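Each chain is listed here by its residues.
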Amino acid sequence: MNFFHFKQTVNHILSIFLLVTTLGISQTKENPIPRIETQNGRHALIVDGEPYLILGAQSNNSSSWPATLPQVWSAMDQLHINTLEIPIYWEQFEPQPGLYDYSVMDSIIKQARERDLRVILLWFATWKNGSNHYMPQWMKLKPDTYFNMVNKNGEPIDSPSPHAQATLEADIKAFSMFMNHLKEVDPQHTVIMVQVQNEPGSWGSVRDYSKEANKLFESKVPKEALKAMEVSSNIGGTWKQVFGEHAEEYFHVWHVASYIGQVASAGKAIYPLPLYVNGAIRNPINPGPPYYQVGGPNDNVLNLWKAAAPDIDLLAPDIYFKDTQTYLKSLEVYSTKTNPLFVPETFWHEDFPKFFYAALGEGAIGYAPFGLDDTRLRIGPDGKPMTAKDMYEPTALNFKLFKPMADVIAKLNYDGHIQTAIQLLPIDPEAEKGGAVDRENYVSDQTISLKSWDLNIAFGTFDRMSRSSFQPKHPDGRLLVAELDTNEFLLVGYHCRVMFEPTGKYADKPWWFLSVEEGHYENGTFVMDRILNGDQTDWGLNFDTPKVLRVKLYTR
Ligand code: DGJ
């Protein structure tokens, strides 16, 4: 051991000792390790033994440094999150081969605990947005050993090859050290989940055309891949023979996923936290030819991914589509009986906060807008720097309301009691002219159907009887409803108005509000602030500000 090694080792031991003593880890009650649980095709992230809803935000890429962490926390305070997503960079973590620096990881964990926040660590390693940019320098300087892909013409592609065995071995080793350290220093599970790599796959070439890759491409498709793509095992053959025009794409996916699957398995064997992979996903409605990032968990290859990387608990879409239908489709296709929906990255401006509700309606275990911290100046639509309020308020409007009831919502969602609706279009002022709104003549944009009631929802803001001329700049109306008991509902919403209508066994019966309580949650318990009645209920329940209501109805 040379002096440098010795110093690192001493630092490592010291940092563990300090963390353990300053945080009193030895005295902390051990909680069960977080896990993903599934019942009746629905999923929950279980933290401290209970369903947990991730109200998250992701820091900017270069914020995980002791010098910049204060600018991360200052933003998180204003966002009302309960979980921070933040990267750990391989280049920082393993600055010399076999030397591991846990200082950044330890700082994040310690400082998150001081703020009572949970953390999702993002392992920026072999792949970051399809490139190798977070590999340690000592690897980048040996490009023949830790090689990148080449395209069909033999030209270099800025993306690591999934066939580089030495890179795989180095990643497995580093990720194992990462998970081992987490296991040692985090018995209270401040870190609840780990993202393995970031947006893996490649842009600009559908696969690697190196010698190694070409040889593999001529080999037989593994049985597991055939099964995943529902191809009969009698139809064995090479990738080209079995998958024809999709062969190159599926081949690349299989090898990227197998690579990451091996990294994940090594880490999980040491410390079995939930693990996920995020994707720069292709458009699920109009994918077009594979000019999208190939290799990641796109909607057409989710089963290939599941077969190649069984220790990855979920495949998560980074959703940056601006078109509402494409956004909603993305939520839908990543929420399946075998895949819990989690949105680890998305936009936060304009009307995007409404998609948080849409995600919950699809059973999401969490939602996290990207790039929210004070390290980065953002320019607003007026060409001027955005204020913190401009940046954080849209997300905070949701999370401030949900944070004290996050566990309640997670549980209701796991049990299948939640439905949501979001505003799809801006209000057409012409269509709104004339006419008071009453129970029988209610202007509604969408309906949520429950067992014996329909909820007719009009989006926008309202002036008692009709829609007022004021509409929010962007169509951002949203509503969540949970059926708590017979004729009893929890309603959470913003920029909408709701009227109930009896259906099924109550159809055509006269009905009334028994009580409409407006309130808020404190540590999972509803606290009533006032009872709404008269003008506040006769024309529908008006969510002109973000609101939580508990509603009871009765019929004759
Ligand atoms: C998606 C990536 O996953 C993020 O790390 C970041 O690069 C954003 N794109 C763009 O800022």
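That block above? That's the structure.
Residues numbered from 1 in each chain as written. Predicted model: local features only at pLDDT ≥ 70, side-chain atom pairs only at ≥ 80, totals over all residues. Heavy atoms only, no water.

Draft legend 1. Focus on the packing of helix H12 (residues 324-333) against helix H13 (residues 354-361). Where H12 meets H13, the closest approach of the two axes is 9 Å, and the angle between their N-to-C directions is 35°. When you trace H12 past H13, the crossing you get is right-handed. Of the residues in H13, those touching H12 at Thr324, Tyr327, Leu328 and Leu331 are Lys354, Phe355, Ala358 and Ala359. Class assignment of the residues belonging to the contact of H12 with H13 gives a composition of 6 nonpolar, 1 polar and 1 charged. (Axes fitted to C-alpha atoms, helices over the stretch in contact; angles between N-to-C directions. Helix = DSSP H or I, 4+ residues; strand = E, 2+ residues; numbered from the N terminus. Left-handed = near helix turned anticlockwise from the far one by under 90°. Contact = heavy atoms within 4.5 Å. Nonpolar A, V, L, I, M, F, W, Y, C, P; charged D, E, K, R; others polar.)

Draft legend 2. Geometry of unusual backbone geometry. Non-glycine residue Gln197 carries a positive phi angle of around 75°. Within the secondary structure, Gln197 is located in strand E9 (residues 191-198). According to the relative accessible area criterion, Gln197 is buried, its value standing at 0%. At Glu199, a residue that is not glycine, the phi angle is positive and equals roughly 45°. Here Glu199 lies in the loop between E9 and helix H7 (211-217). Note on Glu199: relative accessible area 9%, which makes it buried. (Buried < 20%, exposed > 50% of the residue type's maximum accessible area, 1.4 Å probe, protein only.)

Draft legend 3. A look at the packing of aromatic side chains. On inspection of all chains with the given rule, the structure shows 38 aromatic pairs. With a centroid separation of 5.4 Å and 80° between ring planes, the pair formed by Phe93 and Tyr102 is classed as edge-to-face. In this pair, the class of Phe93 matches that of Tyr102, namely buried. Aromatic rings pair up to connect Trp90, Phe93, Tyr100, Tyr102, Trp123, Phe175 and Phe178 into one cluster. Geometry around Tyr209 places Arg207 over its ring, the cationic atom sitting 4.0 Å from the centre. Here the guanidinium or amino end of Arg207 rests over the ring plane of Phe217, the centre of that ring lying 4.0 Å away. (Phe/Tyr/Trp six-rings, centres within 6.5 Å; stacked < 30°, edge-to-face > 60°. Lys NZ or Arg CZ within 6 Å of the ring centre and 35° of its normal.)

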